[in-house]
Structures are given as C-alpha cells and as structure tokens.
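Fold and geometry: a report
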Amino acid sequence: MATIFSRIIAGEIPSYKVAESDRFFAFLDINPLAKGHTLVVPKQETDYLFDLDDDLLAGMVLFSKKVAAAIRAVIPCSRVGMMVIGLEVPHAHIHLVPIQKEGDMSLSNPRVKLTKEEFAEIAERIRNKVE
Ligand code: 5GP
C-alpha cells in the first residue's frame, strides 16, 4: 500500500506544497514545530533515508538546501535546522525547521496550530522564493 506521503505526492491527499522536482517533493508539516516547518521527501518510496542510493540521497540534500534558503527568506529565524527521525511515517523524509535555538528542534515540543489560510499563505510565500 502506498505511504501517506506517496498519496500526498500523487495529489490523492491535499498538502501545502512548497517545491517539487522530478525526484523530490516538499510540503508543510501538518503538525508543525514552527511556522514554515517543511518535509522533503523523495518521490521514490523508500522507508529508511540511508537506504536511498548515493545519488538520490545527495540530490535530496541539495534540494533541501534550496528549500531551506526559501524558508529562511520568509520566516524570521536564526537558521533552518535539518532533522531526520522517520519513526512515524515509513517514507524517508527530511524535516526543515526554522529555529532560534537548539531546543526548537525537538519533536516532543508542543506543535503550532495554524489555520488553513495561514498554511496556504506560508506555503505560497516559500514557494515563491524557491529558485
Ligand atoms: P517522523 O516520521 O519523522 O517522526 O515524523 C513524521 C512527520 O510527518 C510529523 O512531523 C507529522 O506531523 C508529519 N505528518 C504525518 N502525517 C502527515 C500528513 O498527512 N500530512 C503532512 N503534511 N504531514 C504529516
């Protein structure tokens, strides 16, 4: 069965897309640690990030770099942190989280509640900055 992220990539489940290429897809985390918290996923369905072949893994990091620059241009933050956990959804994904301090990266932190309109506005602003 397709993962929830494959269904998002296929457009079967709605998402707030911020970037897409032939190999990767980036969209806002539905339960964000901060405004602009984004997930980057490969279109190829693979559970464990380090099972990706070298070229795909390297490409995913470079794609994440572009998305992180766009997030940083839109969301006031000290930097964009990058994190891989992957215990919830069995489809490799990189978390990009705008942070001010180390503690902002923990998935145990309370999540930010956003309206649909706020999600859509943030996604559009980031999308417009991705080069
Ligand atoms: P992890 O697998 O790295 O522990 O976390 C999975 C992340 O995916 C969580 O931050 C969670 O909020 C996010 N997530 C889970 N299901 C969905 C979904 O259907 N849509 C979106 N946009 N994010 C999701």
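Below or above, wherever it landed, is the structure these notes cover. (Residues numbered from 1 in each chain as written. Predicted model: local features only at pLDDT ≥ 70, side-chain atom pairs only at ≥ 80, totals over all residues. Heavy atoms only, no water.)

**Concerning helix H3 (residues 116–129)**
The first and last C-alpha atoms of H3 sit 20 Å apart over 14 residues, in line with the 20 Å expected at 1.5 Å per residue. Restricting attention to buried positions, one finds in H3 the residues Phe119, Ile122, Ala123 and Ile126. Burial along H3 is one-sided: seen end-on, the buried residues are contained in an arc of 100 degrees. Away from its buried face by more than 90 degrees, H3 exposes Glu117 and Asn128. (Helix = DSSP H or I, 4+ residues; strand = E, 2+ residues; numbered from the N terminus. Expected span 1.5 Å × (residues − 1). Buried < 20%, exposed > 50% of the residue type's maximum accessible area, 1.4 Å probe, protein only. Arc of directions from axis to C-beta.)

**Concerning the sheet that holds strand S3 (residues 38–42)**
Sheet architecture is open: five strands sit in the order S1-S2-S3-S5-S4, paired in antiparallel fashion. Looking at the sheet topology across the chains shown, the edges are occupied by strand S1 (17–20) and strand S4 (79–83). The sheet shows a mean angle of 20 degrees between the axes of neighbouring strands, direction not considered. By the bridge criterion, five bridges tie S4 to strand S5 (residues 94–99) in an arrangement that is antiparallel. What sits directly across from Gly81, in S5, is Val97. Where helix H2 (residues 54–74) meets the sheet, it contacts S1, strand S2 (24–28), S3, S4 and S5, and its direction lies at approximately 155 degrees from that of S3. Contacts from H3 reach S1, S2 and S3, with the element oriented near 30 degrees to S1. (Pairing = 2+ DSSP bridges. Axes fitted to C-alpha atoms, helices over the stretch in contact; angles between N-to-C directions. Contact = heavy atoms within 4.5 Å.)

**Remarks on the pairing of S5**
A regular strand places its side chains on the two faces of the sheet in alternate fashion. The element S5 is extensively covered by neighbouring structure, given that six of its six residues are classed as buried. Residue alternation in S5 divides its side chains into two sets, Ile94, Leu96 and Pro98 and His95, Val97 and Ile99, and both sets are buried. Note: S3 against S5, three bridges, orientation antiparallel. Its bridge partner being in S5, Leu39 is matched across the sheet by His95.

**Section: the site of the ligand**
Residues in close proximity to the ligand total 18 residues, the closest being Asp29, Gly86, Glu88, His93 and His95. Measuring from an oxygen atom of the ligand, one finds a backbone N or O atom of Leu87 at 3.4 Å. The contact in question runs from an oxygen atom of the ligand to an N or O atom on the backbone of Val89, over 3.2 Å. Protein chains bury 90% of the 530 Å² of accessible surface belonging to the ligand in isolation. Counting only elements with at least two residues in the shell around the ligand, the list comes to helix H1 (4–9) and S2. Here the shell around the ligand gets three residues from one element, more than from any other, and that element is H1. For the shell around the ligand, the per-class residue count stands at 11 nonpolar, four polar and three charged. (Near = heavy atom within 4 Å. Polar contact = N/O pair within 3.5 Å; in protein donor to acceptor, adjacent residues only side chain to side chain. Areas by Shrake-Rupley, 256 points an atom, 1.4 Å probe, with all protein chains shown as cover. Nonpolar A, V, L, I, M, F, W, Y, C, P; charged D, E, K, R; others polar.)

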